[in-house]
Amino acid sequence: MMTLPRFVRQFRPFVLFVAAWLLLPPAVIAANVRVIESFDTDWYFLKGDPPDAEQVNFIDSGWYKLDVPHDWSIEGPFAETNQTGGAGAFLPSGVGWYRKHFTLPAGEPNRRVFVEFDGVMANSDVWINGFHLGHRPYGYVSFSYNLTGHVNFGSDNVIAVCADTSQQPASRWYSGAGIYRHVRLVETTHVYVPQGGLFLSTPEVTDARATVQAQVTVTNEYSTPIEVFLNLSVAGPDGKIVGTAQTPLQTITNAGSGQFNQDIFVKNPQRWDLDRPVLYQARVDVCGPPAEADPEPMPLEVTSARSQTARPTVAMAPFKSWGSMYDNVAVSFGIREFHFVAATGFWLNGKNFKIKGVCLHHDGGAFGAAVPLGVWRERLQTLKELGVNAIRTAHNPPAPEFLDLCDRMGFLVMDEMFDCWTVGKKPYDYHLYFNEWSLTDERDTILRDRNHPSIILYSVGNEIHDTPKAELAKGILQGLVAVAHETDPTRPVTQALFRPNASHDYDDGLADMLDVIGQNYRENEILAAHAQDPKRKIIGTENQHSRVAWLALRDNPPYAGQFLWSGIDYLGESRRWPVIAAGSGLLDRTGTPRPMAFERQSWWSDKPMVFITRRIAPNTLRPTDPGYEPASQDVLRRPQVLFADWTPKDLQPHDETVEVYSNCKEVELFLNGKSLGTQPVHADASPRVWKVNFAPGTLKAVARNDGKGVATDELRTAGQPAKIRLTTNLKRLADSRDDVAFVRAAVVDRHGVPVPSAKNLIRFQISGPGLIVAVDNADNASHEPFPASERHVFEGECVAFIKASTASGRISITASAPGLEDGEVVIPARKATD
């Protein structure tokens, strides 16, 4: 019986791919395969900087054993004396070391071996068996190293990583610390597609046919030239092959690279769109004619390459025979066409609509920078229900799996690179490394990201302080735009301009170097800039939540879209202790929508909705450029003026201002069954407002279209706290790192009405195959630790985040507090592949 190669054993679940490989001659399979293995497990970690920790014989048995992704800073404690300050959420910084022991099979010495890091925060150095592979200062960039010639086959290897965040402050928001993203080990033959070497685009798309353009780089590490050709195939969302192509034979010089360009035609394509984000998969096989023996490999030359994860799930098409298969890579992509028009804004697949976006920082609240995908999935689903259709990755490249998720869920993405150029905003931020590293980091990021159909824009800077020096800034921008266009000519480049009238960006030519001009806030200025030159394509890269900003977008066809600051609360950017997070989000840190989020839903969503809220004061006057006001005017910690309850502090008769948000034609408000009148939708998008004489009971809103009730909302007055109500977002919980259950605890009265004034300490307990991995309550001034099993409620609620530890069984979570009836919820565990 033939023994399956290690690659096939590693990816046994991918039935189509394995079946296709089994059709090949055994010698071909065994000799020529790409191996991709997760490198996340069984690392040893130490917070500190011991001497010689990079050496093979260093004793690490006393270190803490863990899996990555790992953010050690989020474990705390919060302290006003931490050097990160409010910008870093008053969380700790310093040096952290990681070491991992691994063994490669003794029978595979004639291989290229690479390690890929999706992100290490920050100033990372990597060693393999004591040999220094390289240094990367930018914590948000993905990178890889060639281990070939420095690894042992059949005996122990040690990879060591030092991550240093000791110099602070280094960021305007919480950045995390450590190996906070995924790591992989990749093995190839000496003829291979380098990381980032496969680029797919769809230059022509019609209902009848789509042209998929493949650009493939192949590297030859042998000591002699070699002849290769490519077999390319495209599989549809059902896994069936829908297009194939084969390139002519091409000679690649020794120690050189060759580029192949090949079109693949797909009939009756299904387009990637917001409502139906259809994904295809392309596979490239690097093949050669029969040879008597492999040439000698070239001597080692350590290089740095981009990280690209091949997803080997595409079945092989029936091509002509070959003698050797050197490599194979696969990647997901979407078939779609988009463009910007100066007069009408953004178009996708022939449809013109507004980009309704939010800006997101990379932290996941209680998880810090090491965010499980399930947390992002829950957050993005909530934003989608509010009408959000786009994400700006403020102000750095995101994790690759975040972009995968946007592809699958149907979000547009502005992929942003940098928060500063050569003029820093913090003493130890990226401006120290910009001149040396920016073009490399930008190129590596675009090579990694350019196959994602969700990405429609690259942003090369946010609120850049170099722009008052016009010639300096234009020289830098010219280089950044050139790299983007060279690496990916299919997507436009923008920049989030900062006070452009003050720095004369519209007059000195800088703004017009951008394919699409972006500006933060000051909507009247960018509209005036378009009026000055109607050929300009414009977009709001950062905007306030105000109705004035929305009307500027709604009522001006050239204005392609906006990105609100912000979509979700984020750690850091605090001006003063005890505040540890910024409260500008549509959602709080736990993913719960704020009342103002439903006003946005009434503007952005087409689904009929209605929402009631109490207003106790006007909104705080916001500065023109949030984030640069003095601490006394900190807009990110503004007082709460909207409450989604009918339980005010004063339960005696008094007047309450009730705002109702709805996208329906009319809304009728009732108090204890008595109608308080009907109001039509307002052309200026203002809310429907009633002055209501408070009485305990039930406040209900009924929304109608053409006389038919289509949505309702109601608030009830709460009594005394009586019990804890537990709810969860998942019916079953998979045994994977990325699946996370949100178990929400609400203090309610005996009738089940939430008590917003409750402050009880909730203790969570778990039985069965599950773990409480973190807790939170969305209070941006709380210093309670996230890795814990208890939390005070804030505005009556808190949340526990649960993971499954095995693939079967019942996970029971209970919540208790003195004087309250316990709450319980049960979640069945399941296999990650179910």
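Residues numbered from 1 in each chain as written. Predicted model: local features only at pLDDT ≥ 70, side-chain atom pairs only at ≥ 80, totals over all residues. Heavy atoms only, no water.

Caption draft 1: Highlighting the sheet that holds strand 30 (residues 538-542). An order of 30-29-28-27-26-25-24-31 is seen for the eight strands of this open sheet, with the pairing classed as parallel. With partners counted over all chains shown, the strands left at the sheet margins are strand 30 and strand 31 (561-564), one partner each. In this sheet, neighbouring strand axes are inclined to one another by 30° on average, regardless of whether the strands run parallel or antiparallel. Relative to strand 27 (residues 455-462), strand 26 (residues 412-416) is paired through four bridges, and the arrangement is parallel. Across the sheet, the residue bridging to E416 is S459, located in strand 27. Along the sheet, helix 7 (residues 470-487) contacts strand 27 and strand 28 (493-497); its crossing angle with strand 28, the most-contacted strand, is approximately 145°. (Pairing = 2+ DSSP bridges. Helix = DSSP H or I, 4+ residues; strand = E, 2+ residues; numbered from the N terminus. Axes fitted to C-alpha atoms, helices over the stretch in contact; angles between N-to-C directions. Contact = heavy atoms within 4.5 Å.)

Caption draft 2: Structural view of the environment of V95. Mapped onto the secondary structure, V95 falls in strand 4 (residues 95-103). When its relative accessible area of 14% is taken as the criterion, V95 is described as buried. Separated by 46 residues in the primary sequence, V95 and D49 have C-alpha atoms spaced 5.9 Å apart. Excluding anything up to four places from it in sequence, V95 contacts L46, K47, G48, D49, W72, C162, A163, D164 and S166. (Buried < 20%, exposed > 50% of the residue type's maximum accessible area, 1.4 Å probe, protein only.)

Caption draft 3: Representation of the side chain of S782 in the model. By secondary structure assignment, the location of S782 is in the loop between strand 46 (770-776) and strand 47 (790-792). A distance of 3.2 Å separates polar atoms of two side chains, one belonging to S782 and the other to E784. (Polar contact = N/O pair within 3.5 Å; in protein donor to acceptor, adjacent residues only side chain to side chain.)

Caption draft 4: Molecular detail of empty space enclosed by the protein. Considering all chains together, one arrives at four cavities of 30 Å³ or more under this definition. Approximately 200 Å³ is the volume found for the largest cavity. Taken together, 19 residues line the largest cavity, and the ones lying closest to its centre are H362, W376, P398, A399 and F402. When contributions to the lining of the largest cavity are tallied by element, the ones reaching two or more residues are helix 4 (373-385) and helix 5 (400-409). Classifying every residue of the lining of the largest cavity by side-chain character gives 12 nonpolar, four polar and three charged. (1 Å grid on protein atoms, 1.4 Å probe; cavity = no way out; pocket = protein on both sides within 12 Å on 5 of 7 lines; lining within 4 Å. Points joined across faces, edges and corners; volume = space filled by probe spheres on them. Nonpolar A, V, L, I, M, F, W, Y, C, P; charged D, E, K, R; others polar.)

Caption draft 5: Broad picture of the side chain of S175. One can find S175 in the loop between strand 9 (156-164) and strand 10 (183-188). Given a relative accessible area of 15%, S175 falls into the buried group. Apart from residues no more than four positions distant in its own chain, S175 is found in contact with M121, Y140, H362 and A369.

Caption draft 6: Quick look at the pairing of strand 6 (residues 124-128). In terms of burial, strand 6 is a largely internal element, five of the five residues being buried. With five bridges joining them, strand 6 and strand 7 (residues 131-136) adopt antiparallel strand pairing. When the bridges of strand 7 are listed, D125 appears paired with H135. In textbook terms, the turn of a hairpin is the stretch between consecutive antiparallel strands, and for strand 6 and strand 7 this stretch comprises two residues, one of which, N129, has a positive phi near 50°. Note: strand 6 against strand 9, four bridges, orientation antiparallel. Note on strand 9: the bridge partner recorded for I128 is I159.

Caption draft 7: Broad picture of the packing of aromatic side chains. On inspection of all chains with the given rule, the structure shows 30 aromatic pairs. With 5.0 Å between their ring centres and 80° between their planes, F742 and F801 make a pair best called edge-to-face. Here the residue F742 occupies a position in strand 44 (residues 741-748), and F801 occupies one in strand 48 (residues 797-804), the gap between them amounting to 59 residues. Given a relative accessible area of 3%, F742 falls into the buried group. Note that K384 overlies the ring of F411, its terminal NZ or CZ placed 4.7 Å from the centroid. (Phe/Tyr/Trp six-rings, centres within 6.5 Å; stacked < 30°, edge-to-face > 60°. Lys NZ or Arg CZ within 6 Å of the ring centre and 35° of its normal.)

Caption draft 8: Looking closely at the sheet that holds strand 39 (residues 688-693). The sheet built from four strands is open, its strands ordered 35-34-36-39 with antiparallel pairing. Edge positions in the sheet fall to strand 35 (642-643) and strand 39, since each of these pairs with one other strand and no more.

Caption draft 9: Looking closely at helix 5. For helix 5, a buried count of nine out of 10 residues is recorded, marking the element as mostly surrounded by other parts of the structure. Of the positions making up helix 5, those classed as buried are P400, E401, F402, L403, D404, L405, C406, D407 and M409. Along its buried surface, helix 5 packs onto strand 24 (355-360), helix 4, strand 25 (390-393), strand 26, helix 6 (434-449) and strand 27. Following helix 5 by one or two positions, G410 adopts a phi angle in the positive range, close to 85°.

Caption draft 10: Highlighting the packing of helix 6 against helix 7. The contact between helix 6 and helix 7 brings their axes to 9 Å, and the two run at 25°. Here helix 6 lies roughly parallel to helix 7, going by the angle between them. When you trace helix 6 past helix 7, the crossing you get is right-handed. Residues F434, L439, E442, R443, I446 and L447 of helix 6 form the contact with helix 7, whose own contacting residues are I476, G479, L480, V483, A484 and T487. (Parallel < 35°, antiparallel > 145°, perpendicular 65-115°, else oblique. Left-handed = near helix turned anticlockwise from the far one by under 90°.)

Caption draft 11: Geometry of the pattern of salt bridges. Scanning all chains against the criterion turns up 39 salt bridges. Its salt-bridge partner being K474, residue E471 comes within 3.4 Å of it at the nearest N-O pair. Here E471 pairs with K474, and both are found in helix 7, just three residues apart, close to one helical turn. For E471, a relative accessible area of 60% translates into the label exposed. Where salt bridges share partners, they join R172, D419, K425 and E573 into one cluster. (Salt bridge = Lys/Arg side-chain N within 4 Å of Asp/Glu carboxyl O.)

Purely spatial values, then, with no claim about function.
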